[in-house]
Amino acid sequence: MPVKKLLSVLLALLLVILSVPALASDLAPLPMNDLSFGPKPKDENYLSKTEYVDESITVKIHEGRYADTDYVCAHVKISHPSQLRTTPASVYQSPNAAFVARASEANFKGRLVANKVNAVVAINGDFYTKTDMVKVVLRQGKQIRNISTGASDLLVIDMNGDFSYLPLCGKEEYQAYYEANQQNMYQVFCFGPVLVENGQSVIDENYQNNSVGSHKSAQRSAIAQLGPLEYMLVTCNSNQVKNNKGMTIQEFAALCEQLGKDLSENGCTLAYNLDGGNSATLVFKDKNAKSGKLSYVKYNCPEIERFLGDIIYFATLVN
C-alpha cells in the first residue's frame, strides 16, 4: 500500500478512536456482597421525565395502554452487573440496615428508599418480609431464608447479571442448587411466576395460581432481562384508577412479551412476576411542581402508594 494511502487509513482510524467516549469499564464497579450505595445520580443526566443517560447507565421510560389499562415500562442498560442492586426498605430508617430472616414491620415508601440508596430507577421487590409468601430470599450474594414449599418459581440472578429460574422449587432441591452454585448467585426472588421465556409468554389461558390472582384484573409488576446487562421493568395500573381495569396474569405476560419484542430483537430472555397489587411501584425522578427541583416519584399510579419491604434498583457508577 502506498505510504500516502496508508497514512490516510491510519488517520481515519485515529479519528474513529478519538470519537469514542471513555469506556464505562474504566469505572469502578460496586461491591456485590453488601448493601452499599452507588454514587448519587446527577440531575443533569435526567434528560427528561422519561430518560436518564450517563457513561455507565441509560434508562428510557415508555408509557402505553394494553388491555384497557395503562402501563409504564423502564428500559435499562448498564455497564456492570453490580449496578443491579437490592435493598431492604429499612435502610431508609437506618443506614446500617441488613436483610433479616424474620418478618419485619420496617417497611417504607419505595420512592423514599430509592432516594436513600441513590437509585437511578427502581421497582418493588417481592416484599420479602412477608414470610407467608416469600419463602426463599438471597440478596447481594447472601442467603437469608430457605423455607421453600415448592409452590413458586424462583428467579436466580447470577454474578454476571443473567437471569435463570428454578420452577416450583422445593426446599431440598433449592438447597442442593445453592450448595452447588452459591459462589455465582447474586440475587434470588420468590414470588413469580415466570411470565416470558425465550421471547414467548409461558402463561396460557388455563393457568391457575391463587397467590397471584391469575384471572383477577389487578395492578402488577415484573422485571425482565432482554440481553447481556439489558433489562426491562414493567408495571400496570389497577382498576382503582379511573379508566383502567387492571390486567390478568395472562394479559400481563402477553404485555411483557410484546414490550420485550419492541425493545429487543429476540424479546425477553426471561420475564418474572414480582409482588403486585398496591405494592407495584416504579420509581424515577421528575420535577417537583412547586419547587421545580428533581425528586423521586412513584411513576405508576402515584395516588396509590403502599409501604414496601424491599426494592430492586439500578445505580450509576459515575461520581
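Scroll up for the structure.
It should be emphasised that the depicted structure is a prediction, and the values quoted were computed from it without experimental measurement.

**Q** Where do I start with the packing of aromatic side chains in this structure?
**A** For the structure on display, the rule yields seven aromatic pairs. When the centroid spacing of 5.6 Å and the interplanar angle of 35° are considered together, the rings of Phe163 and Tyr231 count as tilted. Note that Phe163 is positioned in strand β11 (residues 163–166) and Tyr231 in strand β16 (residues 230–236), a separation of 68 residues in sequence. The class of Phe163 is buried, set by a relative accessible area of 11%. Their ring planes at 35° and their centres at 5.5 Å tell us that Tyr231 and Phe314 sit as a pair that is tilted. One end of the pair, Tyr231, is in strand β16; the other, Phe314, is in strand β21 (residues 310–314), and 83 residues separate them in sequence. Members of the aromatic cluster, each reached through a chain of ring pairs, are Tyr46, Tyr52 and Phe284. One residue, Lys130, lies across the ring of Phe127, its end atom 5.8 Å from the ring centre.

**Q** Explanation requested: the sheet that holds strand β3 (residues 57–66) in the structure shown.
**A** Strand pairing in a sheet relies on backbone hydrogen bonds, with the paired strands running either antiparallel or parallel. Here we have nine strands laid out as an open sheet, ordered β1-β2-β3-β4-β16-β15-β17-β13-β14, and antiparallel in their pairing. If you trace the sheet from one side to the other, it starts and ends with β1 (46–48) and β14 (200–201), each paired once. Bridge count between strand β13 (residues 194–197) and strand β17 (residues 270–273): three bridges; the pairing is antiparallel. If you follow Val194 over to β17, its bridge partner there is Tyr272. Helix α4 (residues 249–263) rests against β3, β4 (69–78), β13, β14, β15 (220–227), β16 and β17 of the sheet, and its axis sits at about 145° to β16.

**Q** Please explain the layout of surface pockets as it appears in this structure.
**A** Unfilled space is identified by rolling a water-sized probe across the atoms. In this structure, the largest pocket occupies an estimated 310 Å³ of space. Around the largest pocket, the lining is made up of 21 residues, and of these Lys216, Ala218, Gln219, Gly276 and Gly277 lie nearest the centre. In this structure, the second largest pocket spans a volume of roughly 190 Å³. Contributing to the lining of the second largest pocket are 16 residues, with Met133, Ala151, Ser152, Phe191 and Ser211 lying nearest its centre. A class-by-class count of the residues in the lining of the second largest pocket yields seven nonpolar, seven polar and two charged.

**Q** Mind showing me how you'd approach α4 here?
**A** An α-helix turns once per 3.6 residues; consequently, residues spaced three or four apart project the same way. Look at α4: 21 Å from first C-alpha to last across 15 residues, which is about the 21 Å you get at 1.5 Å a residue. Among the residues making up α4, those that are buried are Ile249, Gln250, Phe252, Ala253, Leu255, Cys256, Glu257, Leu259 and Gly260.

**Q** Explain the pairing of β16 here, please?
**A** On a regular strand, one side chain projects to one face of the sheet and the next to the other, so that they alternate. Judged by how many residues are buried, β16 sits mostly within the fold: seven of seven residues are covered. Burial along β16 is two-sided: the residues Glu230, Met232, Val234 and Cys236 and Tyr231, Leu233 and Thr235 are all buried. In the sheet, β4 pairs with β16 via seven bridges, with the strands oriented antiparallel. Residue Lys77 lies in a different strand from β16, and its bridge partner there is Glu230. Direction of pairing for β15 relative to β16: antiparallel, over a ladder of seven bridges. Across the sheet, Gly227 pairs through a bridge with Glu230, a residue of β16. What sits between β15 and β16 in their antiparallel hairpin is a turn of two residues, with Leu229 showing a positive phi close to 55°.

Conventions adopted
- Residues numbered from 1 in each chain as written.
- Predicted model: local features only at pLDDT ≥ 70, side-chain atom pairs only at ≥ 80, totals over all residues.
- Heavy atoms only, no water.
- Phe/Tyr/Trp six-rings, centres within 6.5 Å; stacked < 30°, edge-to-face > 60°.
- Helix = DSSP H or I, 4+ residues; strand = E, 2+ residues; numbered from the N terminus.
- Buried < 20%, exposed > 50% of the residue type's maximum accessible area, 1.4 Å probe, protein only.
- Lys NZ or Arg CZ within 6 Å of the ring centre and 35° of its normal.
- Pairing = 2+ DSSP bridges.
- Contact = heavy atoms within 4.5 Å.
- Axes fitted to C-alpha atoms, helices over the stretch in contact; angles between N-to-C directions.
- 1 Å grid on protein atoms, 1.4 Å probe; cavity = no way out; pocket = protein on both sides within 12 Å on 5 of 7 lines; lining within 4 Å.
- Points joined across faces, edges and corners; volume = space filled by probe spheres on them.
- Nonpolar A, V, L, I, M, F, W, Y, C, P; charged D, E, K, R; others polar.
- Expected span 1.5 Å × (residues − 1).

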